[in-house]
Every structure is written in structure tokens, then in C-alpha cells.
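# Structural description and commentary
Residues per chain, in single letters:
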Amino acid sequence: MTARTVEDPSAGCPDPAVRALVAAAFTAISSRYVLARHQIAAAVLDADGGMHLGLHLDAMVGRASVCAEAGALSAARLATGAELVAVAAVRYPKATEEATARVVPPCGLCRELLLDHAPGLRAVVHDETQLVLTPLSGLLPHKYVGTKWPAVLTRS
Ligand SMILES: [Zn+2]
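Residues numbered from 1 in each chain as written. Predicted model: local features only at pLDDT ≥ 70, side-chain atom pairs only at ≥ 80, totals over all residues. Heavy atoms only, no water.

### Quick notes on the coordination of the zinc ion
- Every protein donor of the zinc ion is accounted for by Cys67 (SG), Cys107 (SG) and Cys110 (SG), and the metal-donor separations fall at 2.2 to 2.3 Å.
- Read N to C, the donor residues that coordinate the zinc ion are spaced as C-x39-C-x2-C. Within this pair, whereas Cys67 is found in the loop between strand E2 (51-55) and helix H2 (68-79), its partner Cys110 is found in helix H3 (residues 108-117), the two being separated by 43 residues in sequence.
- On the basis of relative accessible area, Cys67 is assigned to the partly exposed category, the value being 29%.
- What makes Cys110 buried here is its relative accessible area of 4%. (Donors = N, O, S within 2.8 Å, 3.2 Å for Na, K, Ca; no water. Helix = DSSP H or I, 4+ residues; strand = E, 2+ residues; numbered from the N terminus. Buried < 20%, exposed > 50% of the residue type's maximum accessible area, 1.4 Å probe, protein only.)

And the structure:
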């Protein structure tokens with residue numbers, strides 16, 4: 001059996017910010033992929049240029065699973081109070097699939113969570129021809145807004 005080579009979805013991407021985010025997430029999941037345990041990694045970029053990584057944690061009970069984006073958000077908040085500006089997530093293929101990792105958009109729960117903590121965040125998505133950064137708020141129109149938090153986050 002020969003080791004397969006999985007393609008980095010950032011290869012050839014003309015936008016350096018997109019390429020850096022996707023490459024960081026790809027590198028992370030490439031080194032930590034375990035079938036049914038860790039299939040996705042995410043990278044969050046802060047306004048100071050810091051890159052924060054998260055790893056998907058699957059669980060026996062599905063709803064106990066934690067998305068990679070949530071891990072990256074947590075890592076970012078541990079590291080810095082800087083504004084978070086962009087996110088990308090990469091899914092690593094199973095051995096039975098084509099050997100191409102792919103960028104995946106945040107799930108609905110992550111869209112809610114990320115926008116709660118970073119309203120200006122942009123996400124890397126695959127449009128019809130290439131990877132692009134798009135405002136996350138555009139992927140979640142009519143976001144839930146409760147009364148638990150003030151409109152603007154404060155540190156008090
Ligand atoms: Zn998610």
C-alpha cells in the first residue's frame with residue numbers, strides 16, 4: 001500500500017489572504033486527521049495577522065461533537081483581543097474518497113457562534129470558479145438576536 005498525496009485546496013489560489021488561511025487549515029488537518037475523530041480543521045485570522053487553529057472533535061453522541069471553527073474561535077480568544085477578520089475550514093478526505101481536501105463553509109451553528117463573537121468576520125467559500133472571502137453575515141441573513149447580550153461586546 002502506498003501513501004496517497006492529498007491535494008492542498010489553496011494551491012493556485014491567487015488571493016494571498018485566502019491562500020494563507022486555507023493552507024493553515026489544510027496543514028493542520030493533514031497532520032491531525034483521524035477517521036471519524038478529526039476530519040476538519042479551521043483557521044481564524046485576527047486583525048494583527050495572528051492565525052488561530054481549531055480541530056473538529058467528533059463524538060459518539062453526534063451533538064456532543066465540536067466544530068473546528070469553534071475550536072479556532074476559542075484559540076483566538078485565548079491568544080488575543082484583536083478583531084477577528086476571516087475564517088476558513090478544510091475537510092480532509094476519507095481514504096475511500098478522491099484525494100482532494102476541500103474548503104467547507106461554516107455550518108449553521110458556527111455561523112451563529114462566529115457572528116456573535118466577530119460580526120465583521122469573512123469566510124472562505126468556494127464560489128463557482130474559485131475560493132473567495134465573503135462576509136459571513138451574508139451566509140446567515142436574519143441571524144438570531146436575543147436579549148442576553150448588549151449589542152456591542154464589552155469586557156466588563
Ligand atoms: Zn460548525
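### Things to note about unusual backbone geometry
- Of note, the phi angle at Ala36 is positive, near 65 degrees, even though the residue is not glycine.
- By the element assignment, Ala36 lies in the loop between helix H1 (16-32) and strand E1 (40-46).
- Among the residues examined, Ala36 registers a relative accessible area of 46% and is labelled partly exposed.
- Although it is not a glycine, His142 adopts a positive phi angle of roughly 65 degrees.

### Some remarks on the packing of aromatic side chains
- Scanning the entire structure with this criterion turns up one aromatic pair.
- With 4.8 Å between their ring centres and 35 degrees between their planes, Tyr33 and Tyr92 make a pair best called tilted. With Tyr33 in the loop between H1 and E1 and Tyr92 in the loop between strand E3 (84-91) and strand E4 (102-103), this residue pair connects regions lying 59 residues apart in the sequence. (Phe/Tyr/Trp six-rings, centres within 6.5 Å; stacked < 30°, edge-to-face > 60°.)

### Digging into the nonpolar core
- The biggest cluster of nonpolar side chains holds 22 residues, and the ones touching the most others in it are Val18, Leu21, Val22, Val90, Val124 and Leu131.
- Of all the secondary-structure elements, those providing two or more residues to this core are H1, E1, E3 and strand E6 (131-135).
- Tallying contributions element by element places H1 first for this core, with eight residues.
- What Val124 contacts, discounting residues up to four positions off in sequence, is Val18, Leu21, Val22, Val87, Ala88, Val103, Leu131, Val132 and Leu133.
- Core analysis: the next-biggest nonpolar cluster, separate from the first, contains 18 residues, Val44, Ala68, Val87 and Leu136 among them. (Core = buried A, V, L, I, M, F, W, Y, C linked by side-chain atoms within 4.5 Å. Contact = heavy atoms within 4.5 Å.)

### A closer look at H1
- In this model, H1 (17 residues) spans 24 Å end to end at C-alpha, consistent with the 24 Å of a helix rising 1.5 Å per residue.
- Considered for burial, the residues of H1 that qualify are Val18, Leu21, Val22, Ala24, Ala25, Phe26, Ala28 and Ile29.
- Residues of H1 that are buried sit in contact with E1, E2, E3, E4, strand E5 (122-126) and E6.
- Put simply, Asp15 is the residue that caps the front of H1, since its side-chain oxygen is 2.9 Å from the backbone nitrogen of Ala17. (Expected span 1.5 Å × (residues − 1). Polar contact = N/O pair within 3.5 Å; in protein donor to acceptor, adjacent residues only side chain to side chain.)

### A word on the layout of surface pockets
- There is about 300 Å³ of room inside the second largest pocket.
- Residue lining of the second largest pocket: 16 residues in total, with Val66, Cys67, Glu69, Cys107 and Cys110 positioned closest to the centre.
- Elements with a minimum of two residues in the lining of the second largest pocket: H2 and H3.
- Taken together, the residues that form the lining of the second largest pocket break down as twelve nonpolar, two polar and two charged. (1 Å grid on protein atoms, 1.4 Å probe; cavity = no way out; pocket = protein on both sides within 12 Å on 5 of 7 lines; lining within 4 Å. Points joined across faces, edges and corners; volume = space filled by probe spheres on them. Nonpolar A, V, L, I, M, F, W, Y, C, P; charged D, E, K, R; others polar.)

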